[in-house]
Structure formats: C-alpha cells, structure tokens
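What follows is the residue order along each chain.
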Amino acid sequence: MALWLVRAGKYGEHEPRFFEDNRIYLTWGGLESTGLSSAATYEDIKALMQRSFPAEPTRRLGNWTGQIWAFTLGMKPGDYVVVPRKSTGTVAVGEVKSAYDFNPDAEGKYGHYREVRWINTDLPRSAFDQDLLFSLGAIMTICEIKRNDAEKRVKALANGQTQNVRLTDIVAAALPDVFDEDEAEIDLEQLSRDAIAKLIIQKFKGHGMARLVDAVLKAQGFTTYLSPEGPDKGIDILAAGGPFGFDHPRICVQVKSGNTPADRPEFTQLIGAMQSVNADQGLFVSWSGFKPTVLKEVPVKFFKVRLWNQEDLIAQLLANYSKLDEDIRLELPLKQIWTLSNAD
C-alpha cells in the first residue's frame with residue numbers, strides 16, 4: 001500500500017467538495033472534458049498531455065504527466081491519501097476506496113475522481129514530525145510520500161496513535177536529494193511556518209496561547225484585558241480601541257489551544273459571552289481549526305465574529321512581529337529572510 005499527497009486547490013477552494021462528496025478530485029485545468037480511462041500507461045498519458053498542452057515546455061509536461069499518472073493509474077484502492085487543508089490549517093487522512101472514474105456530466109472541475117473513506121479530517125499539523133511536514137511541503141498537486149515509513153506513521157496518526165521516528169531519519173529528511181524521484185520542490189514558506197507552529201505550541205500551550213493572542217492584539221493597537229489562568233466562561237481577552245480601551249470596536253476573544261477542532265457549543269459560548277459584556281464583535285481563535293458546525297456559522301455571523309485558525313494566528317503574528325513586546329519576541333525568536341518566489 002502507498003501514501004499519496006493530494007491538494008484541494010491552491011487556496012483550498014475544492015475542500016468542501018472533497019469532504020462533502022467523500023472523494024478526491026483531479027481538478028486540473030484544461031482536462032475538464034477529457035476522460036482519462038483510455039490511458040493505460042504512463043506513455044499514453046504523456047501523449048494526451050502533449051496534445052492537450054502543446055505550447056508547454058517538455059520538462060513541465062513531464063512533471064504534469066507524472067501527477068496525472070499518479071491519480072489515474074498509480075493510486076490503488078486501499079492506499080492512503082493526505083490532504084493539507086487551507087481552510088482549517090489541519091491535515092485530512094483517508095483511504096482510497098475506488099479506481100479512477102470520470103463523469104462527463106459533472107460540473108466544473110469535478111469530473112475526475114476517486115471515492116475516499118475519510119478517517120480523520122482535522123489532524124493538527126503540529127502532530128506530524130518534521131520529516132513528514134517536509135514531505136507535505138512538496139510543491140506538487142499530487143505525489144507519493146514514501147520515506148521513513150510514512151504510510152505506517154500517518155495511519156497511526158489518523159487513528160490516534162503516536163509516532164516513533166528516529167532522529168537520524170529526521171536529519172536524513174533534510175538532505176537535498178529527498179524528492180529526486182518525484183522532482184518536487186519544497187514550499188519553504190510552509191516549512192518555516194510549520195517550524196514556527198511547533199515552537200508556538202511548545203511554549204504557548206494552554207493559557208500561554210491566550211497570552212500570545214493578547215500580545216498580537218496589543219501590537220495591532222488595541223487596549224486589552226487578559227483573563228487570569230483558570231475558568232474564564234468564554235472570555236479569555238477583552239480588547240477595544242483607544243488608549244484606555246473605551247473606544248470601538250469592543251471585542252470579546254475566546255482562545256483554544258487544544259489538539260481538536262472547536263465545535264458549535266464553544267462558538268455558542270462565545271456568542272453568549274459577547275452579549276454579557278456588551279461586545280460589538282467576537283474573535284474565536286482555535287489552534288486546531290474548526291469543525292464544519294462552526295464554519296457554517298461564518299456567513300450568518302459575518303458582521304459579528306471572526307475565526308482564526310493556526311495559519312491565521314501565525315500570519316497575524318508575523319505581520320505584527322516587530323511591534324510585539326520584547327518578552328514575547330525573546331520567547332519566540334524569529335528573523336525575516338528573502339528568497340526567490342516560484343511562479344509555477
């Protein structure tokens with residue numbers, strides 16, 4: 001059995017269909033009306049790609065051919081698939097249940113698909129060892145992950161078991177020839193954010209996460225009140241504009257640092273807390289993301305509540321890092337670097 005990485009769009013735009021339909025889709029632009037079932041070999045797919053994209057360079061077509069082959073012919077029922085989720089900052093793991101199929105009447109880019117049984121759709125990225133995060137950082141839509149017993153370890157994670165990897169394996173994962181077989185480059189930005197996330201969860205677990213969010217809000221110009229450690233009844237932080245905190249907006253903040261996505265009851269608790277302190281708006285920060293029951297409330301409460309998952313918090317942290325209190329920067333030492341952007 002094998003383990004495959006499949007992305008649900010550059011911005012996670014296809015995630016709802018992946019999980020509502022219990023499928024993974026080959027959302028490749030330019031192939032919407034082209035069935036691939038007749039392609040029996042790698043060379044068949046290569047020829048089809050050359051016909052479909054005659055203006056593309058040979059090397060790029062080779063890369064694309066490998067990914068299309070992986071989805072249509074490489075995967076087998078019983079293999080596992082991982083889908084990094086943009087909407088929640090977590091990782092979904094499922095088992096492939098069908099061969100490749102094509103529905104010519106499907107809307108948009110949802111004609112090419114495989115059936116999947118989702119095992120865990122909200123694994124926090126911090127649960128993965130660094131070598132697996134390195135693999136998840138491949139800048140490819142589809143590729144196989146096979147180093148360091150990856151399939152066995154991801155299966156264990158999906159079923160609530162801990163990993164066991166040797167330090168030598170983690171060091172080996174950083175060698176430059178890791179992805180020669182797939183010709184995959186690495187998303188260095190995502191890799192760096194994963195390292196930052198691991199340090200944050202080590203140093204700011206529990207009430208420390210609320211302290212970190214409080215520091216970010218102060219850096220944004222808010223005057224804040226941070227609740228002491230202990231039961232908070234849904235109020236971790238109060239924030240408002242102005243030097244004394246008497247201006248608007250007045251925000252009630254709830255912060256969850258656990259390793260499970262926040263659910264509807266916690267969201268409802270925040271709404272109640274907002275009403276009890278006469279807050280204008282609310283901010284719900286959940287390190288492990290949110291369950292669909294919460295995400296469905298986003299359009300309903302759009303003018304009242306904002307949600308921050310792990311990626312959102314890190315983005316705000318980086319945007320305001322230079323304005324953070326010195327003690328926070330000492331606990332979380334970061335430096336900015338510049339690197340070339342890969343347009344492809």
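Model, not experiment: these values are computed from the prediction.

Caption draft 1: Here's a closer look at the confidence of the model for the protein chain. Chain-level pLDDT for the protein chain is 87 on average; 92% of the residues reach the 70-or-more range. When the criterion is pLDDT under 50, residues 164–183 qualifies, and its contacts beyond four places in sequence or with other chains add up to 28 contacts.

Caption draft 2: Fine view of helix H7 (residues 188–203). The terminal C-alpha atoms of H7, which comprises 16 residues, lie 23 Å apart, in line with the 22 Å expected from a rise of 1.5 Å per residue. Within H7, burial applies to Gln190, Leu191, Asp194, Ile196, Ala197, Lys198, Ile200 and Ile201. Next to the buried residues of H7 lie helix H4 (130–136), helix H8 (207–219) and helix H11 (310–319).

Caption draft 3: Highlighting unusual backbone geometry. A cis amide bond links His248 with the next residue in sequence, Pro249, at an omega value of 0 degrees. Positive phi values are uncommon outside glycine, yet Asn22 reaches one of about 55 degrees. Along the chain, Asn22 turns up in the loop between helix H1 (15–20) and strand S2 (23–25). For Asn22, a relative accessible area of 36% gives the class partly exposed. In this structure, Asn148 is a non-glycine residue whose phi angle is positive, near 55 degrees.

Caption draft 4: Structural context of the pattern of salt bridges. Throughout the structure, instances matching the rule amount to 17 salt bridges. Arg17 serves as the salt-bridge partner of Glu107, at 2.8 Å between the closest nitrogen and oxygen. With Glu107 in the loop between strand S5 (101–102) and strand S6 (112–124) and Arg17 in helix H1, this residue pair connects regions lying 90 residues apart in the sequence. When the shortest N-O distance is used, the salt bridge between Arg85 and Asp122 registers 3.3 Å. Of the two residues, Arg85 is situated in the loop between strand S3 (80–84) and strand S4 (90–96) and Asp122 in strand S6; the sequence distance between them amounts to 37 residues. Counted as one network, the salt bridges with shared partners bring together Glu15, Arg85 and Asp122.

Caption draft 5: Representation of the packing of aromatic side chains within the structure. Applying the stated criterion across every chain, the model contains ten aromatic pairs. A ring pair is formed by Tyr25 and Tyr110, whose centres lie 5.0 Å apart and whose planes are at 70 degrees; its orientation type is edge-to-face. Here Tyr110 lies in the loop between S5 and S6 and Tyr25 lies in strand S2, a separation of 85 residues in the sequence. Of the two residues, Tyr25 and Tyr110, both sit in the buried class. Judged by centre distance (6.4 Å) and plane angle (80 degrees), the rings of Phe71 and Tyr100 are edge-to-face. With Phe71 in helix H3 (residues 58–74) and Tyr100 in the loop between S4 and S5, this residue pair connects regions lying 29 residues apart in the sequence.

Caption draft 6: Spatial organisation of the side chain of Thr88. Within the secondary structure layout, Thr88 lies in the loop between S3 and S4. Residue class for Thr88 comes out buried when judged on its relative accessible area of 1%. Side chain to side chain, Thr88 and Thr90 meet in a polar contact 2.5 Å long. Contacts of Thr88, omitting those with residues within four sequence positions, involve Asp122, Gly289, Phe290, Leu295 and Asn309.

Caption draft 7: Structural view of the packing of helix H2 (residues 42–52) against H3. Where H2 contacts H3, the two axes come as close as 9 Å, and the packing angle between them is 125 degrees. The orientation of H2 relative to H3 falls into the category oblique. Classified by chirality, the crossing of H3 by H2 is right-handed. Of the residues in H3, those touching H2 at Tyr42, Ile45, Lys46, Met49 and Gln50 are Leu61, Gly62, Trp64, Thr65, Gly66, Ile68, Trp69, Thr72 and Leu73. A class-by-class count of the residues in the contact of H2 with H3 yields eight nonpolar, five polar and one charged.

Caption draft 8: Summary view of a nonpolar patch on the surface. On the surface, a cluster of nonpolar side chains totalling about 330 Å² of accessible area is made up of Val298, Phe302 and Phe303. Here Val298 shows up in the loop between helix H10 (292–295) and strand S12 (305–308). What makes Val298 partly exposed here is its relative accessible area of 36%.

Cut-off values and rules
- Residues numbered from 1 in each chain as written.
- Predicted model: local features only at pLDDT ≥ 70, side-chain atom pairs only at ≥ 80, totals over all residues.
- Heavy atoms only, no water.
- pLDDT = per-residue confidence, 0-100.
- Contact = heavy atoms within 4.5 Å.
- Helix = DSSP H or I, 4+ residues; strand = E, 2+ residues; numbered from the N terminus.
- Expected span 1.5 Å × (residues − 1).
- Buried < 20%, exposed > 50% of the residue type's maximum accessible area, 1.4 Å probe, protein only.
- Salt bridge = Lys/Arg side-chain N within 4 Å of Asp/Glu carboxyl O.
- Phe/Tyr/Trp six-rings, centres within 6.5 Å; stacked < 30°, edge-to-face > 60°.
- Polar contact = N/O pair within 3.5 Å; in protein donor to acceptor, adjacent residues only side chain to side chain.
- Axes fitted to C-alpha atoms, helices over the stretch in contact; angles between N-to-C directions.
- Parallel < 35°, antiparallel > 145°, perpendicular 65-115°, else oblique.
- Left-handed = near helix turned anticlockwise from the far one by under 90°.
- Nonpolar A, V, L, I, M, F, W, Y, C, P; charged D, E, K, R; others polar.
- Patch = residues over 30% accessible without salt bridge, like charges linked within 9 Å, V, L, I, M, F, W, Y side chains within 5 Å.
- Areas by Shrake-Rupley, 256 points an atom, 1.4 Å probe, with all protein chains shown as cover.

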